[in-house]
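Here is how the chains run, residue by residue.
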Amino acid sequence: MSRRSVAGQVFMLQAVIVLLLVVSAVVAQVLQVRHDSNLEARNRSLAVAQTFANAPGTAAALRSPDPTAILQPKAEAARKATGVDFIVVMNTDGIRYTHPKTDRIGKKFVGTIAPAVRGGTVVEEVNGTIGPLVQVVVPVKAADGTVVGLVSSGITTAHVGGAADQQLPLLLAAAVAAMALATAGTALVSRRLLRQTHGLGPYEMTRMYEHHDAVLHAVREGVLIIGGDGRLVLANDEAHRLLGLPEDAERRHVRELGLDADTAELLSSGRAATDEVHLVKDRLLAVNQRPTDLRGGPPGSVATLRDSTELRALSGRAEVARERLDMLYDAGVGIGTSLDVTRTAEELAELTVPRFADFATVDLFDPVLHGEEPRPGSAMHRTAVVGIRKDAPLYPVGERIRFVDSSPQARSVATGRSVVEPRLREAPGWLAQDLERTEQVVEYGIHSLITVPLRAGSLVLGVANFWRSEKPEPFDTEELALAEELAARAAVSIDNARRYTREHSTAVALQRSLLPRTLPEQSALEIAYRYLPAQAGVGGDWFDVLPLSGTRVALVVGDVVGHGLHAAATMGRLRTAVHNFSALDLPPDELLSLLDELVGRIDQDETPTDGAAPVTGATCLYAIYDPVSRRCTVARAGHPPPVLIRPDGGVEFPDVPAGPPLGLGGLPFETADLELPEGSRLVLYTDGLVEDRERDIDEGLELLRTALEQAGDSPEDTCRAVLEQLPARPSDDVAVIVARTRALGADRVAEWQVPSDPAAVSDIRASVTRQLAEWGLEELMFTTELILSELVTNAIRYGRSPIGVRLLRDRSLICEVSDCSTTSPHLRYAASTDEGGRGLFLVAQLTERWGTRYTSDGKIIWAEQALP
């Protein structure tokens, strides 16, 4: 435990630490007690002053003729009860009404009162005649809020302190205990160190040093110890060998040992170094150096030397191999990120420049770019060009190239093997491709080429060319192997993209063929439409405009769930079904019910193959507009609601009942009747317009409303405004129809009621003849009389009253006969002996079209004739 021993020094250090901790604790305790005393005095004084100021009667007493007589007893009683040193009541000028010492009543209060007079609170620490104290001044307010007086309360901090004296003995006792523990711990450590050294004496320590010296000179790593003055203190045998040091190197300055300048500078500087490589004669030495005085040691540094000449060569080759493996890994994740042939070729070229080649080009057969298999003898298309510079005289992107038979590209395609041209200046086959251009390439500095065929199975899709200009060495066999591996991976991705392009083109062609190419002629609506395919794949969106009988027009918008050929084919089936069902003149709700059954049968009948999902439903909106009544009947099956733009520009979403999607079954569909003023615009669309991954349908509908409010009056302007809010390539198909309504004027409609009497047929013929004369259609009088005679006679004979006749003059002349019977006439061939049955046959021969449509009251037989 002497002062020079480790245990004694540790004990002294622990004693100093304990002393510092005790002093710090005492100071902290005193400061804390002083702070707590001030805080307690402040809070108590403030509470007493506010309580007395707000007590009942205080404000009234201040206004009495003798406030002191009333307030002095109360103030003294409150002071004694709360333990404060004084409670002083004063007027707003600071003249005391109360005080513990009565001789001070009527004198000026000593302290700050201005903030309290303005309604605030004053808290201040002062040195009074009774010692340091905290006093508070608060206002006394009347019922109207005016300040009528002041109350001050104060208490000396000595009356709320005193805890430090009680805690100091505890701190001193803890200090004594800590010193005792430190003494015991030091003794324990000292005894344990003695046991761990096994009581070694000088002799044993000398032997240990000799062993250390032997090990120092036996290791295969140079060790140098340099003093703080830059002189060599110690160098082992390996250091002498590696550096070629003289025999008398010790105690000489390192700059005098004949070392190269960089190594001598490092050793003399004493700075830290880690695996710093220095060329010493013909060796590469890895030098590590650390200072020796970091932990109280002598000034100087210690350096170790390791011969890394062979290791450096091996690591260089390993680094090259690692870079190639990294490139192959990057090729696996970076080539083929999209199913686009051109982009895949660009990814191959971008990956290899400048890591592998200075320039890279990819040439593909023209059919490959269109998804077809390459054809022998066809020209190639320069698909990708990437280089370290942009001014290389190589064929540009988009150039169609026919390689001569002697060129490396033609030989590579013909044999299916890679071709290396180490020196292009001496390659006559390559030079013969284009004498002027190849000369420019050589003069530019491009001197070496690898051409690798892009093979996918037995197909050669094109060639990849890797050019070198900066590195003087030509391509070698190892680099050829890497180029072939990169090209093989790229060829698989290009072939996948080619196959996808072919299938996508087929699907798009199928989808386009199933959509309407032109809209039918009709007069009820002015139509504009847009169709945008999805970003990837094809969908099942479709639309239609179908002329119906009686100048009516049906608008259809639908969407089959899913994408791909299956969805497109199902869309075609549903579109055909809608065409057929619309020919029956069915109401929208009945037509959707038939479609619902059809989709349900499709789902049940089709069996998924190769994991493909069947059709899980479809949505559809069907609307019929009648230009005579200007009414539009709408029904929808799981489809977004239509949008109506009034002639004044107002935009609204009509309340059309939302039926279930097609294919679910079990629930009926409902219709909504809308009366549309002439010039209204009806907007029908699919969900791709208002819904995607980044926004929900409510946000999309609001954006659609905003776009329509700013759109022009024409349907084309409306379509343009709607599509401007969409991204360039939407994630789902988008179909939009904008229809502006027209009305068939009253001067083009004629109606009559017919009594249920065969004699009335002649009267109706006469009325119709007069109407045709007014319209200037005298040429149609005869045929129209025959048609109406047959239809009205059948209605009188087989139908029920009331019976009506209506003529419509539009693109054709339409004759309609209505009655309240639901029995539909049928066309048949009458035998030569039959007395009847030839009326409808004559009607069919004299008209372009005829048919029956049912209404809520019965049926209508209609017939159309072309206008002359």
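As a starting point, this report considers the structure included with it. (Residues numbered from 1 in each chain as written. Predicted model: local features only at pLDDT ≥ 70, side-chain atom pairs only at ≥ 80, totals over all residues. Heavy atoms only, no water.)

**Considering the layout of surface pockets**
The line we're drawing: Only protein atoms enter the calculation, which uses a 1 Å grid: trapped sets of points that fit a 1.4 Å probe without letting it out are cavities, open sets showing protein on both sides within 12 Å along at least five of seven lines are pockets, and any residue with an atom within 4 Å of a point is a lining residue. Grid points are joined across faces, edges and corners, and a volume is the space filled by probe spheres set on the points. Side-chain classes are defined by residue name, with Ala, Val, Leu, Ile, Met, Phe, Trp, Tyr, Cys and Pro counting as nonpolar, Asp, Glu, Lys and Arg as charged, and the others, Gly among them, as polar.
In this structure, the largest pocket spans a volume of roughly 970 Å³. Residue lining of the largest pocket: 36 residues in total, with D626, R853, T855, S856 and I860 positioned closest to the centre. Residues that form the lining of the largest pocket fall into these classes: 15 nonpolar, nine polar and 12 charged.

**Digging into the sheet that holds strand β6 (residues 232–235)**
We apply this condition: Criterion used throughout: strands pair if DSSP finds at least two bridges between them. Helix and strand definitions here come from DSSP, where helices need a minimum of 4 consecutive H or I residues and strands a minimum of 2 consecutive E residues; each element is numbered from the N-terminal end. Convention adopted: a line fitted to C-alpha atoms gives each axis, helices being fitted over their contacting stretch, and angles between N-to-C directions are expressed from 0 to 180 degrees.
Spatial strand order, β6-β5-β9-β8-β7: five strands in an open sheet with antiparallel pairing. Every other strand in the sheet has two partners, leaving β6 and β7 (273–280) as the edge strands with one partner each. Averaged over all neighbouring strand pairs, the angle between strand axes comes to 25°, with direction disregarded. Judged from the three bridges that link them, strand β5 (residues 222–227) and β6 form a sheet pairing that is antiparallel. Looking at the pairing, I226 lines up with L232 of β6.

**As for the side chain of R498**
Convention followed: Classification of residues uses two cut-offs on accessible area relative to the type maximum, computed with a 1.4 Å probe and protein chains only: under 20% is buried, over 50% is exposed, and between them is partly exposed. Should any heavy atoms of two residues lie within 4.5 Å, those residues are counted as being in contact.
Mapped onto the secondary structure, R498 falls in helix α15 (residues 477–514). Taking relative accessible area as the criterion, R498 reaches 0% and is therefore assigned buried. Contacts of R498, omitting those with residues within four sequence positions, involve V341, V368, G371, E372, E373, L459 and L461.

**Thoughts on the sheet that holds strand β10 (residues 359–365)**
Read across the open sheet, the six strands follow the order β12-β11-β10-β15-β14-β13; overall the sheet is antiparallel. One side of each edge strand has no neighbouring strand; the edge strands of this open sheet are β12 (400–401) and β13 (419–421). Pairing analysis gives two bridges linking strand β11 (residues 380–387) to β12, with the strands arranged antiparallel. The residue of β12 that forms the bridge with M380 is I401. Of the strands in this sheet, β10, β11, β13, β14 (448–456) and β15 (459–468) are in contact with helix α12 (residues 408–415), which crosses β14 at around 30°.

**Brief notes about empty space enclosed by the protein**
Under the definition given, this model contains two cavities of 30 Å³ or more. As a volume, the largest cavity reaches approximately 140 Å³. Considering the residues around the largest cavity, the lining is formed by 13 residues, among which Y395, W430, R437, T438 and W467 are closest to the centre. Class assignment for the residues of the lining of the largest cavity results in six nonpolar, four polar and three charged.

Shape is all these values report; function is a separate question.
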